[in-house]
Each structure stands twice: as structure tokens, then as C-alpha cells.
Amino acid sequence: MVNFGYTLMCEQAGPTALVSHARRAEESGFDFEVISDHYNPWLAAQGHAPNAWSVLGAVSQVTERVPLMTYVTCPTVRYHPAVIAQNAATTGLLSDGRFWLGLGAGENLNEHVVGRGWPPANIRHEMLSEAVDIIAALFTGEYVNYVGEHFRVDSAKLWDTPEAPPPIGIAVSGKQSAELAAENADFLIAVEPVGDLIDQFERESGKKNAPKVGQLPICFDADRDAAIARAHEQFRWFGNGWKVNAELPGPAGFEGATQFVRKEDVAESIPCGADPAAIVEAARPYVDAGFTHLAFVQIGGDHQEGFLDWSEKELLPALRDGFRA
């Protein structure tokens, strides 16, 4: 059984709108909800970047059923892992145990703002591994002292923890990050339908029944040309690949890196329009690769209500018919 989720994209809507979208997404029948955690949007045309943790606190109070998850937060540069542990534990309490903590090695786009520089990928993975150890230790509710290569924790304790700690997922994009996830994560996160990464995670972790959470951008509009234009304006960066996206320092860099991307290029990689069958086919590689959860990103902050109405009536029934267990 595949679970279909809705993405609260902080880069394309303000906090009040995101909370409203979260409530409506649950009403529409989505199985879970994820939220991005950005300090900057990818492109200036997206126009937003509210604090994800504040939004999550509000979302926890207007939803009742759906699991909530960061997709993803970086616990190494902009945030210290002890702070992420506290944020996650509090969100777990506010949501009555519905929160999953999705972690990643981060992007320069968001992390450079604190002036600590941007380390190379191998160092970022070392930092993430230490961060997960710290977070997991703090989730016990005991005092934690930690001295690592990259982080220090001095007599820290979480005074408010949920009965069960939030499960921890790690985003993977290659063999090194998949190995890190296998060693440290309760579940796997990926934005590309690469079955080899799932195979590696399951083989090395032994967690064959662990959730595998993917994400797929789409652009709904009754006018397909309008959908393509919007996807090109706001999401043409997606085709860069994560090795590039993790390194660029700001929206201006993404503007430059994508200046020659054409609308037809975007239309080939992102389902645009109002045909549920096209989205079912775009989702199929994720299901075939072994993903258990797939969150959709509807492009355009001003086009969420129409998308959610359409999802309830057409998209979700088509997906469940297409991937019935």
C-alpha cells in the first residue's frame, strides 16, 4: 500500500497560507504531510521562506490524523543538533506523536546565512552522523555530554519529550549518504526513484519494512500552458540535480544556473496540467523502486486550494486505483 502525501512548500507560501493548506490537505484525504525547511527560496519568483518549525507547531493544532514530517531539516550548520532535538521533541508532543524527523546534509542556499562557511560533502556527512547521535541521545530524556570532531554538547537534557521518540529519516542521493542512512536512520528519504539506493539501505540496515519516502513535483492547472509557464518560473532549478543544488549560495545563483532551461525542458520532467493519468505514470517509477510514501509538491503558492479540491475528487482516487495493493 502506497501512502500519498502533500508538501507544505515554505518557499512558495507564507505561514498563514501554509497552515490553511495543511488543514485542507488532511480534509482532502492525503495520508501524510511534509514541510520544507528553508531560509531562502530557490528562486526569487517563489517569494517566501517562513520558519518551518513555527509553521509545524501551528499545523499540529489544525490537523488531527496525518503524520507530519520535515522534508528535510539540516541539523549541522544553521541549527545545532541539540536545538533540532528540542524542536522535534516539542513538535512530537504538540502533534500527539505524529511527527517524523527528516534530516539531510543541507544546502548552501540556507546554511551559509550564519557565516560559518560551507563544508565539502564528506565533512557534511560526518557532521550529520554526529548530529544524529546527539539527537537520538537527547530523545532519551537523559543528560547528554558529547565531544565529537564537529560538535560539543555540554550537560544538555530535553525536559519535555514524547512517550515515543520521533523516528529519524535521512535523505540520500548516492552511495555515501545511503550508507549513512543505513547506519543511523529509522527510514529513508529520497527525491529520485533510484531503486539501488533503497536496496543498499535495506541490505545494510536490515530494515526491509522501514518507510521509504519520496517526493514528486507537479503543476496542476486546467490550462496546461499556464501550468508549464508557472513550473518554469518557479521550479526550473529542480533539474540541476542535488550535487549542484547543494552548492549554490542563493536565489541569484539558481537564476544564473537555470537561465537556459526552456519551458519544454520543464514540461518533460514535471507533470503539468489536469490529467491524473500523467501523474499516476510519473509516480510509477517511485512505486516500482520500492517507495512506501510519496509526497507531491504542487507548484505555485496561489494555486493550492484548486489543487486540493481536484486532488480530493480526481487525483487521489486515480492514484489509489492505479496502485491498489
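Check the entry above for the structure.
(A) Geometry of the environment of Ala283. With respect to the secondary-structure elements, Ala283 resides in helix 12 (residues 276-289). For the pair Ala283 and Cys272, spaced 11 residues apart in sequence, the C-alpha to C-alpha distance is 13 Å. Filtering out sequence-adjacent residues up to four positions away, Ala283 remains in contact with Leu216, Leu294, Leu319 and Phe323.

(B) A look at the pattern of salt bridges. Following the criterion strictly, the structure yields 13 salt bridges and no others. Where Arg320 meets Asp31, a salt bridge forms, and the shortest distance between an N and an O atom there is 3.0 Å. Residue Arg320 is found in helix 13 (residues 304-322), and its partner Asp31 is found in the loop between helix 1 (15-28) and strand 2 (32-35); the two are separated by 289 residues along the sequence. The salt bridge partner of Arg236 is Glu255, with a shortest N-O separation of 2.7 Å.

(C) Layout of the pairing of strand 6 (residues 152-156). In the sheet, strand 5 (residues 144-147) pairs with strand 6 via three bridges, with the strands oriented antiparallel. When the sheet's bridge partners are listed, Val144 is paired in strand 6 with Ala156. Linking strand 5 to strand 6, which pair antiparallel, is a turn of four residues.

(D) Quick peek at the side chain of Glu33. For Glu33, the position within the fold is in strand 2. Among buried Asp, Glu, Lys and Arg side chains, Glu33 stands out as unpaired, with Arg65 the closest opposite charge at 6.6 Å. In this structure the side chain of Glu33 is engaged in a polar contact, spanning 3.4 Å, whose partner is the backbone nitrogen of Glu26. If sequence neighbours within four positions are ignored, Glu33 has contacts with Tyr6, Leu8, Ala22, Ala25, Glu26, Val59, Thr63, Val66, Pro67, Leu68 and Met69.

(E) Region of interest: the packing of aromatic side chains. Applying the stated criterion across every chain, the model contains 17 aromatic pairs. Relative to Phe307, the ring of Tyr6 lies with its centre 6.4 Å away and its plane at 25 degrees, an arrangement referred to as stacked. Here Phe307 lies in helix 13 and Tyr6 lies in strand 1 (residues 3-8), a separation of 301 residues in the sequence. Across the pair, exposure class does not vary: Tyr6 and Phe307 are buried alike. Consider the rings of Phe235 and Phe238, whose centres lie 5.9 Å apart with planes at 35 degrees: the pair is tilted. Here Phe238 falls in the partly exposed class, since its relative accessible area comes to 24%.

(F) Region of the structure containing the state of the cysteines. Considering all chains together, one arrives at zero disulfides under this definition. For the unlinked cysteine Cys74, the closest cysteine sulfur is that of Cys10, found at 15 Å. Of the cysteine sulfurs around Cys272, a residue in no disulfide, the closest is that of Cys219, at 5.1 Å. Taking the relative accessible area as the measure of exposure, Cys272 reaches 10% and is therefore buried.

Calculation rules
Throughout, a residue's number is its position along its own chain's written sequence, starting from 1. Reporting in this predicted model follows two pLDDT cut-offs: at least 70 for local features of residues, and 80 or more for side-chain atom pairs to be given and counted; totals over whole chains, interfaces and linings ignore these cut-offs and use all residues. Hydrogens and water are ignored here; the side-chain numbers use all heavy atoms of the structure. What counts as a helix is a DSSP run of H or I of at least four residues, what counts as a strand is a run of E of at least two, and both are numbered from the N terminus. By the convention used here, residues are in contact when the closest approach between their heavy atoms is within 4.5 Å. Criterion for a salt bridge: a side-chain nitrogen of Lys or Arg within 4 Å of a carboxyl oxygen of Asp or Glu. Between any two strands, at least two bridges found by DSSP are needed for them to pair. Burial here depends on accessible area, computed with a 1.4 Å probe over protein chains only, as a share of the maximum for the residue type. Under 20% is buried, over 50% is exposed, and the range in between is partly exposed. Under the convention used here, Asp and Glu are negative, Lys and Arg are positive, and both His and the chain ends fall outside the count. Pairs of N or O atoms within 3.5 Å make up the polar contacts considered here, provided that, within protein, one atom can donate a hydrogen while the other can accept it, and that residues adjacent in sequence are counted only when both atoms are side-chain atoms. Two aromatic rings from Phe, Tyr or Trp, using only the six-membered ring of Trp, form a pair when their centres are within 6.5 Å; if the ring planes differ by under 30 degrees the pair is stacked, by over 60 it is edge-to-face, and anything between is tilted. We call a pair of cysteine sulfur atoms a disulfide whenever their separation is within 2.5 Å.

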